[in-house]
Amino acid sequence: MVSELINANPVIYEKKERRVRSVPSAAADEYAVEPIDQQEIFDILSDPEHPYSLEELKVITEDAIEVDDGRGYVRVTFTPTVEHCSMATVIGLCLRVKLLRSLPSRYKVDIRVAPGSHATEAAVNKQLNDKERVAAALENPGLVDMVDECLSPSYE
Amino acid sequence: MELVKELREIQTLQGHTDRVWSLAWNPATGVAGIPLSFASCSGDKTVRIWEQNPSTSSWDCKAVLDETHTRTVRSCAWSPSGKLLATASFDATTAIWENVGGDYECVASLEGHENEVKSVCWNPSGSMLTTCGRDKSVWVWEVLPGNEFDCVSVLQGHTQDVKMVQWHPTRNLIFSCSYDNTVKIWADDGDDDDWACVQTLGRSHLVRWQVPSPMSGSGHSSTVWALSFNASGDKVVTCSDDLTLKIWGSDDTKMPADGFAPWRHLCTLSGYHDRTIFSVHWSRDSIIASGAADDAIRFFVENDEQDGLVDGPSYKLLLRKENAHDMDINSVQWSPGEDQFLASAADDGTIKIWELTSDSC
């Protein structure tokens, strides 16, 4: 487990005000399929109960989520808090696992670090999008514990 | 008269409880009245043996090989005689199973790789076995009497994990492809199992998230996931995370046994898949099948309507099958035997059996 904080004094940003999601009127068919949108993915990923959420650290923002519900495609672009953050792969893995556990299986997910935000950007991206490496990582009990801990406030 | 090909879905096989990574047809089946059979392996840590029922033609699970591998079983391969099945696992071992009257017994476990073993294959005579894995190495094993396996060589050269190994069908060559974006060709110099890399098919320092240009080099620009030889062995096709298939050729089969003719890039098939291409397999009758993370299967054939301006072969799309599975397709394999089937394995935990039929019009 991580014994020391890698970035002990992160810059904390204010949360963006939520736009209100349109609620279908009572007259509308309550069984109608509601498409998954950018805000829903964002809510899955940014847990409001976490002391410093990924949103407050500006690791992810709503704008950095591209979603196409029709095609079943999501791309999340996250920004590690420091350029040499050795936790970038773990954060990316957490985002991937969270989406894996939350989204319908038809979804294709790409996770990447924001261009220019990390010293070894291409290597991190390649690793996060190699499903064989992700599968092997998720069979590693130590790493799974770390991911579960990272996701624990909202994952039950 | 143009032949119109149609892909018919024969059956969906359920049983695995996690993604199916790979499958392998038993090469000794489908002929002389022996029913077709294949093995599949999965993230559920098991291997399943499937066989076609001769009377109903439907496919049934005949055996589940479990309680041996403790992690994902990534790859499986039959010996040429079909008597032994090798299975490679993330648990760092390769198991050898013997078929004893329909029961499968684990007769050996090959240890040596530091961590995940990702691929295993036999040489054409069944006297050698090759494995590769995350530790960047390719291991060559000799098959000895009494189910003994001796590691005769460890090939170092790839700079990242090695995704797949394949023996050349007629030459004493091993091909390996890797996360380092290259394919390496290894040859035995005839001197007591002294294997060396004789050629690397690659390009320099272009990475996935840069836009690849088809003109910027002949090698792949991201992970090379799989490769497959044509029947005569003078061509090989590779598939990659860079969304392309590449065809390479050599005059090697015309060389004396101890000679080597370099392989060269013949053509690149791009624009057909829009997510990682995980699997490619060349049929005996020259049809290339590819399966990818876009859930689609594609078929290609050599374009015989050459206009005379192109030097070298070109290939054309024969058929596309969108939504062949509900999730990523990890493996496509043509069957042996008189009736040729295609089997596909996917993240949705299923295997599908397909038949490519021709309708003349």
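Residue numbers run consecutively from 1 along every chain, following the written order of its sequence. Whichever chain is written first is A, and whichever ligand is written first is 1; the rest continue in order. Note on the predicted model: pLDDT of at least 70 is required for a residue's local features to be given, and 80 or more for side-chain atom pairs to be given and counted; whole-chain, interface and lining totals, by contrast, use all residues. Computation of side-chain values covers all heavy atoms of the structure but excludes hydrogens and water.

As annotated in an unreviewed UniProt entry, chain B is Probable cytosolic iron-sulfur protein assembly protein CIAO1 homolog from Malus domestica. Taken verbatim from the UniProt record of chain B, the Function (unreviewed entry) comment is "Essential component of the cytosolic iron-sulfur (Fe/S) protein assembly machinery. Required for the maturation of extramitochondrial Fe/S proteins." UniProt positions are given in the numbering used here, feature names are shortened, and annotations may be inferred rather than shown by experiment.

With an unreviewed UniProt entry as reference, chain A is termed MIP18 family-like domain-containing protein, source organism Malus domestica. As recorded by UniProt, the Sequence similarities (unreviewed entry) comment attached to chain A reads in full: "Belongs to the MIP18 family."

S.K.: Which residues make up the nonpolar core, and what values go with them?
M.R.: Nonpolar side chains tend toward joint burial in soluble globular proteins. Throughout, nonpolar core names a set of buried Ala, Val, Leu, Ile, Met, Phe, Trp, Tyr and Cys residues whose side chains join them through atoms within 4.5 Å. Only protein chains enter the accessibility calculation, which uses a 1.4 Å probe; a residue is then buried when its area is under 20% of its type maximum, exposed when over 50%, and partly exposed in between. Ranked by internal contacts, the top residues of the largest apolar core, which has 31 residues, are Phe175, Leu227, Leu245, Ile247, Trp263 and Ile288 of chain B. Every helix listed is a DSSP run of H or I at least four residues long, and every strand listed is a run of E at least two residues long, numbered separately from the N terminus. When residues of this core are traced back to their parent elements, those giving at least two are strand S15 (173–178), strand S16 (183–188), strand S18 (224–229), strand S19 (235–240), strand S20 (244–249), strand S21 (264–270), strand S22 (277–282) and strand S23 (288–292) of chain B. By definition in these notes, contact holds between two residues if any of their heavy atoms fall within 4.5 Å. Excluding anything up to four places from it in sequence, isoleucine 288 of chain B contacts Val237, Ile247, Val280, His281, Trp282, Arg298, Phe299, Phe300 and Tyr315 of chain B. Listed in part, the 22 residues of the second largest apolar core include Val76, Leu103, Val113 and Val124 of chain A.

S.K.: Explain the pairing of strand S8 (residues 93–100) of chain B to me, using residue names and the numbers behind them.
M.R.: Residue and element names in this part refer to chain B. Inspection of the sheet shows strand S7 (residues 84–89) paired to S8 by five bridges, in the antiparallel sense. Note on S8: the bridge partner recorded for leucine 84 is glutamate 98. If DSSP finds at least two bridges between two strands, the strands pair. Pairing of S8 with strand S9 (residues 103–111), which is carried by eight bridges, proceeds in the antiparallel orientation. Directly across from alanine 95, in S9, lies its bridge partner serine 109. Two successive antiparallel strands, S8 and S9, enclose a turn made up of two residues, where glycine 101 displays a positive phi of approximately 55°.

S.K.: I'd like to hear about the UniProt feature "repeat: WD" (unreviewed entry) in chain B, residue by residue, with values.
M.R.: Mapped onto the present numbering, the UniProt feature "repeat: WD" (unreviewed entry) falls on residues 13–51, 66–98, 110–143, 155–186, 217–248 and 322–361 of chain B. The span residues 13–51 of chain B shows a helical share of 0% and a strand share of 46%, and its end C-alpha atoms are spaced 11 Å apart.

S.K.: So what about the side chain of histidine 273 of chain B? Which residues, and what values?
M.R.: Residues and elements named next belong to chain B. Within the secondary structure, histidine 273 is located in the loop between S21 and S22. According to the relative accessible area criterion, histidine 273 is buried, its value standing at 4%. Any pair of N or O atoms that falls within 3.5 Å is considered a polar contact. Within protein, one atom must be able to donate a hydrogen and the other to accept it, and sequence-neighbouring residues count only if both atoms are side-chain atoms. Within polar-contact distance, the side chain of histidine 273 engages the side chain of serine 290 at 2.7 Å. Among the polar contacts listed, one links the side chain of histidine 273 to the side chain of aspartate 294, at a separation of 3.0 Å. If we skip the residues at most four places from it in the chain, histidine 273 touches Leu243, Ser290, Ala292, Asp294, Ala296 and Arg298.

S.K.: Before we move on, could you go through the packing of helix H2 (residues 88–102) of chain A against helix H3 (residues 121–128) of chain A and cite the residues and values that matter?
M.R.: Residues and elements named next belong to chain A. Where H2 contacts H3, the two axes come as close as 10 Å, and the packing angle between them is 30°. At the point where H2 passes H3, the crossing takes the right-handed sense. Here H2 contributes Ala88, Thr89, Gly92, Leu93 and Arg96 to the contact with H3, which in turn contributes Val124, Gln127 and Leu128. Three classes are used, and their members are as follows: Ala, Val, Leu, Ile, Met, Phe, Trp, Tyr, Cys and Pro are nonpolar, Asp, Glu, Lys and Arg are charged, and the others, Gly among them, are polar. Grouping the amino acids of the contact of H2 with H3 by side-chain chemistry returns four nonpolar, three polar and one charged. Throughout, an axis means a line fitted to C-alpha atoms (over the contacting stretch in the case of helices), and angles, computed between N-to-C directions, take values from 0 to 180 degrees. Left-handed describes a crossing whose near helix is turned anticlockwise from the far helix by less than a right angle; the clockwise case is right-handed.

S.K.: Any details on the sheet that holds strand S25 (residues 315–321) of chain B? Residues and values, ideally.
M.R.: All names here are of chain B. The sheet built from four strands is open, its strands ordered S22-S23-S24-S25 with antiparallel pairing. Only two strands of the sheet have a single neighbouring strand rather than two, namely S22 and S25. Between one strand and the next, the sheet's axes are offset by a mean angle of 20°, whatever the strand orientation. In this sheet, S25 lies alongside strand S24 (residues 297–302) in antiparallel orientation, the contact comprising six bridges. Across the sheet, phenylalanine 300 pairs through a bridge with leucine 317, a residue of S25.

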